[in-house]
There are 2 protein chains.
Amino acid sequence: MFFGQCEINMVTIQLPDGSKQSHDSGATALAVAEGISPRLASAAIAADVDGKLTDITTPLSDGEHTVRIITSRDPEALEVLRHTAAHVMAQAVLRLYGNDTQYSIGPALMDDFQYGFYYDFDLPEGKSISADDLPKIEEEMAKIIDAKIPLQRVEMSPDDAKAEMKKIGQSYKIEMIDDMLKETPDAKLSFYRQGDFIDMCRGPHLPDTGKLGNAFKLMSVAGAYWRGDENNKMLTRIYGVAFFDKKDLAAHVERIEEAKKRDHRVLGRQLGLFLLDEKVGPGLPLWLPNGSIIRMELEGWLRGELLKRGYQPVHTPHIGKLDLWRTSGHYPYYEHGLFPTMNLAEGEGEDGYLLKPMNCPFHIQIYKSSQKSYRDLPVRLSEFGQVYRFEQSGELSGLTRVRGFTQDDAHIFCTPEQLEAEIESCVDLTKLCLATLGLDDYRVRIGLRDPDSAKYTGKSENWDLAENNIRRVVKKLDMNYTEEPGEAAFYGPKIDFVVKDCIGREWQLGTIQVDYNLPERFDLEYTAADNASHRPVMIHRAPLGSPERFIGILIEHFAGAFPLWLAPVQAAVLPVSDKFLNYAQGVVRALRNAGLRVDLDDSPDKIGAKIRRATVQKIPYMAVVGGREVESNTVAVRHRTAGDAGAMSVESFVEGLLAEKISRGSEPLHVAS
Amino acid sequence: MFFGQCEINMVTIQLPDGSKQSHDSGATALAVAEGISPRLASAAIAADVDGKLTDITTPLSDGEHTVRIITSRDPEALEVLRHTAAHVMAQAVLRLYGNDTQYSIGPALMDDFQYGFYYDFDLPEGKSISADDLPKIEEEMAKIIDAKIPLQRVEMSPDDAKAEMKKIGQSYKIEMIDDMLKETPDAKLSFYRQGDFIDMCRGPHLPDTGKLGNAFKLMSVAGAYWRGDENNKMLTRIYGVAFFDKKDLAAHVERIEEAKKRDHRVLGRQLGLFLLDEKVGPGLPLWLPNGSIIRMELEGWLRGELLKRGYQPVHTPHIGKLDLWRTSGHYPYYEHGLFPTMNLAEGEGEDGYLLKPMNCPFHIQIYKSSQKSYRDLPVRLSEFGQVYRFEQSGELSGLTRVRGFTQDDAHIFCTPEQLEAEIESCVDLTKLCLATLGLDDYRVRIGLRDPDSAKYTGKSENWDLAENNIRRVVKKLDMNYTEEPGEAAFYGPKIDFVVKDCIGREWQLGTIQVDYNLPERFDLEYTAADNASHRPVMIHRAPLGSPERFIGILIEHFAGAFPLWLAPVQAAVLPVSDKFLNYAQGVVRALRNAGLRVDLDDSPDKIGAKIRRATVQKIPYMAVVGGREVESNTVAVRHRTAGDAGAMSVESFVEGLLAEKISRGSEPLHVAS
C-alpha cells in the first residue's frame, strides 16, 4: 500500500482521547505534548509510550505509538520527581565534598512512610556528613535547580560505560556494571548526565533540574552497608523526600511529627502498656497491667464473635517434638527463623523439641484425634496461641516486630465444596474486626506462589485450585485486590489485608490462607456421604494477624487514647478536695458495680492537676465532685478530648458509659448527646 | 530406799488410764495385756512402749515403762498388719518359686491409695510371676496364716547377719547390710523369722501369722528396678493390700473400681476434654474444645475474683535469657528438671534461652520496671502462665503429672508490715476456690526448710522470719496444720493445701509461699515513708495450683459430670421426631440468647437413644420436645442424674438454668425445687 509505505519514515501517534498525530522521524514525546498545547508541554514530566514510562526528550522510533503525557497529576510522576531529586542531591554532595566522593545507589522510595529517596556515598578520607550538614546540601541542590540543567539520557556499550566510570573514578559503579554483565552480557547500559554529574540509571527523569522545584527536604543521615552486607564497608546514606507541591511537603513533615508523637514504644511505656526488657530478651514483650487489659478485652470480644460463628476453642502447648515439624515441613523451611532446638542428651530416648513457630500442627493433631465424617465438617478450631520466631535482633521494633507473639489463630477443616463459603466468612470476620477498631481504610493483596521458586510445598494442581478458590471469592465479594506472586505461604496462597492507619502508614494485618498441602502431609481424612475416605482442605486465618502487632498499631492509630471499651481505666473520679472523698468513693462504687474500670484520685493535689494527670493518662471520662455535686447528687463530667459535658446524675453517667462501652465506638456518647 | 532397791530386778508399768502393774524381769507387753484382760491379750497386735511401737512379745527391760496395748482399733495397727502381710507373701513366694528366689525390700504403704504393701523379688532363672499367678500365692499365704506361725525378733551383729544371709543365699540383703554398716558400723541388726523364712526388718510385727486373718488381696504385678535405678536389674514387684476386716477390704476394692470408672484419662478422651499425643510429646496436653471451655470458665471466674481483690493481670513470654534464671537461682537449682537450653550459635552475640519453669522472674522484672513507693504496695501481679518442667517420662500421668502446665500464678510484692494480712488473704482465696468446687475436705501442710540441706537459698534469719509469718497466720486462722521440714520451696517456706477427693485420695493443690530471698537476689526496692529505700517481701501463690492438675482431679471428683457452670454443654434439646425440629430450634435459640451452651440432637434416632447419648455425655439438662410440648409451648425437662423434672415453659427452664449457673452449685436446681 502506497500510503503505508510513505509513512514508514514517520512517527504516528495515538492519544488517550482517540485522536492521532503524525510527526517526522526523531520526534519526542515533548513534541507530541506541544502538538496538544504549550501548557501541557510545559507541565510534561515524562511520557507513557506504548505502556512504558519514558523520558519526555527521548526520540520516538518510526512507526505507530500510543502516547500519554505524564504531568504532576499522574500517579507515576512522583517517582520520576524523587528519582531526579536523588541525582540532584548526589550532584550537590559531589560539589561540596569533592569529585573523589564515591556514590553507589540512589533509588526513589514510593512505599516508605518517612522517606522519598536516598543516596549512599563513600566520602573521601577524613570527610563526613551529619544532620547539621543537610541544610548546606539543600542550598547547593537549590542552586542546581535554579540552573535548570537538562538531564540527558546516554546509552553506552558495557566497555564504554566502564571506561567512562574509570575515568571519573567511580568504583562502585564499575562493580555494578560487572555484576550486570554476568546476567546479560550484551546489555546496552543507560546513563543520565546533568552537567558535570553522570550516573548509571534506568530512568526516566525530569527533563531538567528546574522541574524539581522547591518542595523537597533532606531528612536524615544514617550508616548503610554496601549491598546491605555487614561485611562490607559502611557508607553514608542521606534520606530525603520530595513532592510537586510545598503543601504536600508540609503535610508530610507534619505527619511524621504526628507519627513520632504516636510512637507506640514511647506511649507503651508512658501508659504502662508493655515492657521490653533486655534481661528477658529482645523482642519478647511483657504485657503490663494496662496493656493486659486491652489485650484481654480485645481477645474476649473476638472470642464471643468466634463462638457465634461456630468456632471451637482449643489450647495447645508451646513446644512440640522435632518430628512433628518435620512432617509439617516447618522444620527445614523455617529453620533459620526458629529458636534453637532443645536437644535431649543421648540415651534419653526422645526426639528434640522446638518452640512453636505456628499452631497448625497441633490443631491438625486435634483434628486427627477422632474419626471425622462429612457431617462433622467444617471443624473450626481457634486458639490465641503464642508463637516464637527468631527474627534478627536488628529488625525488632516495639510490638510490631517481635520474636514472641500471639496469633488470633484458627484452622478450618472443610470439604472442598464448603471451602469458598468458609473463605468468604473469614473475609467477613476480618472486615468486622477492622471496622470495629475504626481501621476502615485497607486494600487486599492476594499472595501467590512464585512459579520459579522451590520453596513451596505440594502439587501444582493444588496450588491452582487454591489460587482460583481465592480469586473467585474476592471477585464475588467485589473487592479491590492486587495479585503478588512470591507472597504466598509455603503451603498455600493467601489473602492479606493491608491496612492504612489514620496517618497514612500501611500495615499488613489479617490473613486468610488456603491449604491443600498440609492435609496431604499429615494424611487427614473424613468419610464422605459416599462412605469413602476423602481429604479435607484447610484454611489458616488470623483476622487481627497478631494481637501484639495489632495493638501496637492501635496504640499509634488512637495515639494511646483507646475507645472506652478498650481503655484500661475508663473513668477517673476526681474529688475537688478531701472533704468530698466519701462521696467520691460512693461514685467509684457505683461505677465498679456496673463493671467499669475506675480510678479514684485521692491525692492532695489541686483539681486542675488531677484533670491534667487523668488527661495525660488518656482516661476517657473524668467525674469531678465538689460541693455542688454532693448537694445535687451529681457528677461534673469531662471527656479527655471533648472537654466539659456538664453535670449529671451518677445513674445517667453510668448509663452513658455502659452504652458507649457496648457500642464499641470511639466517639464520646456523653458529649455528642 | 529399800523398796526401790527391791524393784531393780522388776518391771513397773504405767498404763494409759493411770493404773500401774508390776511384773517380773523379762515380762512382755503381752503379759501386761493379760494382766488387764484375756480378751485384750487376744486382741493385742503390738504395744506402744515409752512412745515407741514394739512387738507384743519383746521382753521389757527392768525399770519403769509406760505401755499402751495396740489393737486393730488403733491407727498404728494397720501398718503392722500390712508389714506382716508383706513377709507372709514373701514366704509364700519362696515356697512356690523355690528358696533360690532372692527378695529385696517389702514395705507397708500407708499413703498409697491403691496398695497397702509390696515386695520385690528376683526370681530364679526361667521363672516369672504374672497376674494369673496371684490367686495361687494368696492360697499359699492362707496356708501360712492357718498355721499360725509365730514371728520372732532376732538381733544379730553385722557379721552374724551377713553369715546368716550368705547361708541362705540372699545377696540383696548382704548388699543392704553393707550399706547400713557404712553409716553406722556397730549397729545391731534386727531380723524377723517365721518358720523357715527370715528377713531383715525393723518391725514390729504381728505376734503370729494367724493374726493376719483373711482380709487381704494381692492386686497386681509390676517391674521395678533394684533401688529404683534403671541401670540395675528389673525385679518383680507384687502389690497387695490388707485390712483387719473383710468389709474394709471390700470397700477398698470398690473404691478402686470407682476410681477406675472416674479415671480422668479415660473420661478425658470419652468426653472430648483433652488429648495426649506422642507425636507432640509426652506430658504436653492439648485441650480439646470441651476441656477448653471448662478451663476458660474456671479461669474467667477466678479472674473476676482476682479483680475484686486488687490483683492486676499481666502476660509474660514463655522463654527468657539464661542469665535471668541464673539471677533467680532457678538455673543451677532446677537444671535437672528443665527442658534443655536453647543455645545460640557462636557469634550471634546473645545468651541462650530457657523455657520457663516458673513465672516469678518475669513478674519481678515488671515490678522493677518502674520506681515504687510504699503507697504503690502491695503490688499484686497475676497471670495464668504456662510453664514447662522436664519430668521423667515414666512419672507422667494424664493431667496430674505433666511437663507443660499452667499456673494460676500471682506474685505479691509488699512491705514486711503488710505481709501477714496478704498471706491471710491468699488463704482466704484458696479456701474460696476449694469451696466453690466442692472440695471441702482438705488439710494444711507447712513446708519448712530442712536445716541440714544446702539446696535452700538465702539467709537463715530470713527463713526464720518467713516461717514465723506463716505460723502466725495459720494459728490466727485456727487452721489444723502439720509442719514438714524439707518441703519448702528453694527460696522460702510455704503453706500447701492437701485436698481429699470424694473417694478419699489426697492431692496437693493450692500453695502459698513466702519469700524474702528473691527480692534480695533481684535487688528489689521501694521508697518507704521515711524516704529511704527498703526491700519488699514476695508471696508466690496459686490457689488452684495448676488448672491442668486441678481439672484432672475435678474430672475424677465429679466423674465427668461437671456442675452446670463448668459443663461444656449445659443443655441438650431433643426433638422426639423431625416434625418438632422447628420448635426445637426455637428452644435452642432461646437458650443460646441467654448465653447458655446448647446442643441440638437432630439425628434420626429414637428419643430413648437421644436421652441415653446425652446422659453418657454427662450433659446436665435435656429438654425433650414432642407434640404435647409444642402444643403447650413447654419443654419436658430431664436432669442427667435426677431424672424427670416435668414440663415447664421455655422461660422458666432458661431462668432455672441461669440461676443454677450463677449459683455455681453442683445440685440440680430444677429438680430440687
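The written sequence of each chain sets the order in which its residues are numbered from 1. Both sets of labels track the order of writing: A upward for chains, 1 upward for ligands. Local features are withheld for residues below a pLDDT of 70 in this predicted model, meaning they are given only at 70 or higher, and side-chain atom pairs are given and counted only at 80 or more; totals for whole chains, interfaces and linings count all residues. Hydrogen atoms and water are omitted, and side-chain values are computed over all heavy atoms in the structure.

A.B. asks: Please explain the overall build of chain A as it appears in this structure.
C.D. replies: Helix and strand labels come from DSSP, where a helix needs a run of H or I of at least four residues and a strand needs a run of E of at least two; each type is numbered from the N terminus. Secondary structure summary: chain A contains 22 helices and 31 strands in total. Three labels apply to residues, based on accessible area from a 1.4 Å probe with only protein chains included: buried if under 20% of the type maximum, exposed if over 50%, partly exposed otherwise in between. Looking at chain A as a whole, 55% of its 673 residues are labelled buried. Any two residues whose heavy atoms approach within 4.5 Å at even a single point are treated as in contact. Residue pairs at least 24 apart in sequence account for 69% of intrachain contacts in chain A once pairs closer than 6 positions are excluded. A 1.4 Å probe and the Shrake-Rupley method give the accessible areas. Residues count as covered only by the protein chains that appear here. A total of about 29700 Å² of accessible surface is found on chain A, and carbon and sulfur atoms cover 48% of it. Charge counting follows a simple rule: Lys and Arg are positive, Asp and Glu are negative, and His as well as the terminal groups are ignored. Every charge is mapped to an atom, namely NZ of Lys, CZ of Arg, CG of Asp or CD of Glu. One way to put it: in chain A the 79 positive side-chain charges average out to a point 4 Å from where the 99 negative ones average out.

A.B. asks: Help me understand the sheet that holds strand 22 (residues 494–500) of chain B, please; the structure alone is not making it clear to me.
C.D. replies: What links the strands of a sheet is backbone hydrogen bonding, and the strands pair in either a parallel or an antiparallel sense. Residue and element names in this part refer to chain B. Any two strands are treated as partners once DSSP identifies two or more bridges connecting them. Read across the sheet, 8 strands follow the order 15-18-19-26-23-22-20-21 without closing on themselves; strand pairing throughout is mixed. Lying at the two open borders of the sheet, with one neighbouring strand each, are strand 15 (312–313) and strand 21 (481–485). The convention used is that axes are lines fitted to C-alpha atoms, helices contributing only their stretch in contact, and that angles between N-to-C directions extend from 0 to 180 degrees. Across the sheet, helix 10 (residues 289–308) touches strand 18 (379–388), strand 19 (404–414) and strand 26 (537–542), and the angle it forms with strand 18 is around 160°.

A.B. asks: What am I meant to see in the pairing of strand 19 of chain B here?
C.D. replies: The side chains of a regular strand alternate, residue by residue, between the two faces of the sheet. Residues and elements named next belong to chain B. A large share of strand 19 lies buried, amounting to 11 of its 11 residues. The side-chain alternation of strand 19 yields two buried faces, one formed by Gly404, Thr406, Asp408, Ala410, Ile412 and Cys414 and the other by Phe405, Gln407, Asp409, His411 and Phe413. Relative to strand 19, strand 18 runs antiparallel, the two sharing 10 bridges. Each bridged residue has a counterpart across the sheet, and for Val379 the counterpart in strand 19 is Phe413.

A.B. asks: Sorry if this is basic, but what is going on with unusual backbone geometry here?
C.D. replies: Apart from glycine, the bulk of residues carry a negative phi angle, and the bulk of peptide bonds sit in the trans form. Across the junction of Gly203 of chain A and Pro204 of chain A, the peptide omega takes the value -5°, indicating a cis bond. Tracing the backbone through its elements, the reader meets Pro204 of chain A in the loop between strand 10 (197–200) and strand 11 (216–225). One non-glycine residue with positive phi stands out, namely Asn531 of chain B, at about 70°. By the element assignment, Asn531 of chain B lies in the loop between strand 24 (526–527) and strand 25 (533–534).

A.B. asks: Help me understand the sheet that holds strand 11 (residues 216–225) of chain B in this model?
C.D. replies: All names here are of chain B. Spatial ordering of the open sheet is given by 6-7-12-11, a layout of 4 strands whose pairing is antiparallel. Strand pairing shows two members of the sheet lacking a second neighbour, strand 6 (102–103) and strand 11, which therefore form its edges. Of the pairings in the sheet, the one linking strand 11 to strand 12 (residues 234–242) comprises 9 bridges and is antiparallel in character. When the bridges of strand 12 are listed, Leu218 appears paired with Gly240. Together, strand 11 and strand 12 form the strand contacts of helix 5 (residues 134–146), whose direction differs from that of strand 11 by roughly 120°. Lying on the sheet, helix 8 (residues 246–262) is in contact with strand 11 and strand 12; it crosses strand 11 at an angle near 50°.

A.B. asks: Can you walk me through helix 15 (residues 460–476) of chain B in this structure?
C.D. replies: Since the α-helix advances by 3.6 residues per turn, residues separated by three or four positions end up pointing in the same direction. Residues and elements named next belong to chain B. Between its first and last C-alpha atoms helix 15 spans 24 Å; for 17 residues at 1.5 Å apiece the expected length is 24 Å, and the two agree. For helix 15, the complete set of buried residues consists of Asn462, Trp463, Ala466, Glu467, Asn469, Ile470, Arg471, Val473 and Val474. The inward-facing, buried residues of helix 15 contact helix 14 (419–436), strand 20 (442–448), strand 21, strand 22, strand 23 (506–515) and helix 16 (518–521). Immediately downstream of helix 15, the backbone of Asp478 shows phi near 60°, a positive value. Expected helix span is taken as 1.5 Å per residue step, with the number of steps being one fewer than the number of residues.

A.B. asks: What is the right way to read the relation of the copies chain A and chain B from this model?
C.D. replies: Relating one copy of the chain to the other takes a rotation about an axis and a shift parallel to that axis. For the match of chain A to chain B, the screw axis carries a shift of 0.3 Å, the RMSD comes to 0.5 Å, and the turn is 179°. In the structure described here, the two chain copies are related by an operation that fits a two-fold rotation axis. Across chain A, the smallest distance between a C-alpha and the rotation axis is recorded for Met342 of chain A, namely 3.1 Å. Of all interface residues in chain A, 100% are interface residues in chain B too; the two copies therefore contact each other through one and the same surface. A residue counts toward the fit only if its pLDDT is at least 70 in both copies, and the copies are then superposed by least squares on the C-alpha atoms of those residues.

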